Amino acid sequence: MHNLRKQLTRRSRHVLLALIGLIVILALPTYFWMKSANANLAAQRNSRMSPVIMIPGSSATMNRFNQLVEILNKRTAKKHSLLRLEVENNGKIKSTGWINRGDTEPIIVVGFQNNHDGYQNIKKQAKMFNRAFALLSDKYNFNNFKAFGHSNGGLIWTLWLEKYYHQYSDQITITRLMTLGTPYNFAETSINQPTQMFHDLVKGRKKIPKTLDVYSVAGTESYDSDGLVPEQSVEAGKYIYQKQVNHYTTMTVTGSKAQHSSLPQNKQIVNLISHYLLDNEQGPKPGPNNPNNSSS
């Protein structure tokens, strides 16, 4: 009986030790994961980086804003790095360029292999952009950023804000968005003829963060169009953003290079980006008592 009791006691110790070992083995990955996650959160909280993320329009590549950035860097005291990403149809992401060490306000351009027009493709592009944004936020740990979209790029931003931004909003703040020649109602010249896309964007507007400052810039080659997008379609953005965001400001650019495809190279646009979108440029930002600005 004594020997049996000793055997049971020994077996109980072995079982207990085995359980403790199992608990330690299972706990170690969790410990290191939590340690890594806390380190990433600390890095994100302390990050000084505030990138400007740009999305080009349909048929444009990740090189669409090369000239814009070149002009911008000639006009600003602080030079901005340029990193370009392309999201391929298979989900892979390729990149060119880099972010210089110490650059707190780099410019990141995200393009798509599928860069075709049409509402269905724009929805796909918003989903593809979300893959790129997840990669960027994991790699660079920024806690805030600014956004710029030309043409359908502004639609991609709007869809992303309504459908995907909530995944990051607790840790990452979008502070400003500038859209340029964005056809919120496609080619329609009146909101009395709303497209399905416009209807959906208005319906989902409550998901857009209320702290956001939005600048909607229209080009007018003629009196009512930039040669491709009707001015009324650009103005339709107010039904999505106005009274939903912190500030909503409309601006109009006329004169030379106010044609739709020339707008990103327009020096007036570069000035607007420098003045309203960048952090390192000083100047009064529009407030609730100055809701509309015009540049010509």
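Residues numbered from 1 in each chain as written. Predicted model: local features only at pLDDT ≥ 70, side-chain atom pairs only at ≥ 80, totals over all residues. Heavy atoms only, no water.

Participant: Break down unusual backbone geometry for me, citing the residues and quoting the values.
Facilitator: Glycine aside, negative phi is the norm for most residues, and most peptide bonds take the trans geometry. Positive phi values are uncommon outside glycine, yet Ser151 reaches one of about 55°. Checked against the element boundaries, Ser151 lands in the loop between β5 (144-150) and α4 (152-163). (Helix = DSSP H or I, 4+ residues; strand = E, 2+ residues; numbered from the N terminus.)

Participant: Can you lay out the sheet that holds strand β7 (residues 213-220) for me, pointing to particular residues and giving the numbers?
Facilitator: Across the sheet, which stays open at both edges, the eight strands sit in the order β3-β2-β4-β1-β5-β6-β7-β8 with mixed pairing between neighbours. At either margin of the open sheet sits one strand with a lone partner, and together these are β3 (93-98) and β8 (247-254). Across the sheet, the mean angle from the axis of one strand to that of its neighbour is 15°, orientation sign disregarded. For strand β6 (residues 173-180) and β7, the ladder comprises five bridges, and the chain directions are parallel. What sits directly across from Met178, in β7, is Tyr215. Helix α8 (residues 267-277) contacts β1 (52-55), β5, β6, β7 and β8 of the sheet and is inclined by roughly 165° relative to β6. (Pairing = 2+ DSSP bridges. Axes fitted to C-alpha atoms, helices over the stretch in contact; angles between N-to-C directions. Contact = heavy atoms within 4.5 Å.)

Participant: Please provide a residue-by-residue account of helix α3 (residues 119-140), values included.
Facilitator: If you check α3, its first and last C-alpha atoms are 31 Å apart, about what 22 residues at 1.5 Å a residue would give, namely 32 Å. Within the span of α3, buried status applies to Tyr119, Asn121, Ile122, Gln125, Ala126, Met128, Phe129, Asn130, Ala132, Phe133, Leu136 and Ser137. (Expected span 1.5 Å × (residues − 1). Buried < 20%, exposed > 50% of the residue type's maximum accessible area, 1.4 Å probe, protein only.)

Participant: Explain empty space enclosed by the protein residue by residue, including any values.
Facilitator: Within the structure shown, the criterion is met by one cavity of 30 Å³ or more. Considering only enclosed or pocket space, the largest cavity measures out at about 40 Å³ in volume. Contributing to the lining of the largest cavity are Pro56, Gly57, Ser58, Phe112, Asn115, Gln125, Asn152 and Ile156. Its residues placed into classes, the lining of the largest cavity shows three nonpolar, five polar and no charged. (1 Å grid on protein atoms, 1.4 Å probe; cavity = no way out; pocket = protein on both sides within 12 Å on 5 of 7 lines; lining within 4 Å. Points joined across faces, edges and corners; volume = space filled by probe spheres on them. Nonpolar A, V, L, I, M, F, W, Y, C, P; charged D, E, K, R; others polar.)

Participant: Quick rundown of the environment of Met54? Include the residues and the values.
Facilitator: Here Met54 is to be found in strand β1. Sequence spacing of Met54 and Val109 is 55 residues, and the spatial spacing of their C-alpha atoms is 4.7 Å. Every residue in contact with Met54, bar those within four places of it in the chain, is listed here: Phe65, Leu68, Ile107, Ile108, Val109, Val110 and Phe148.

Purely geometric numbers; function is a separate question.
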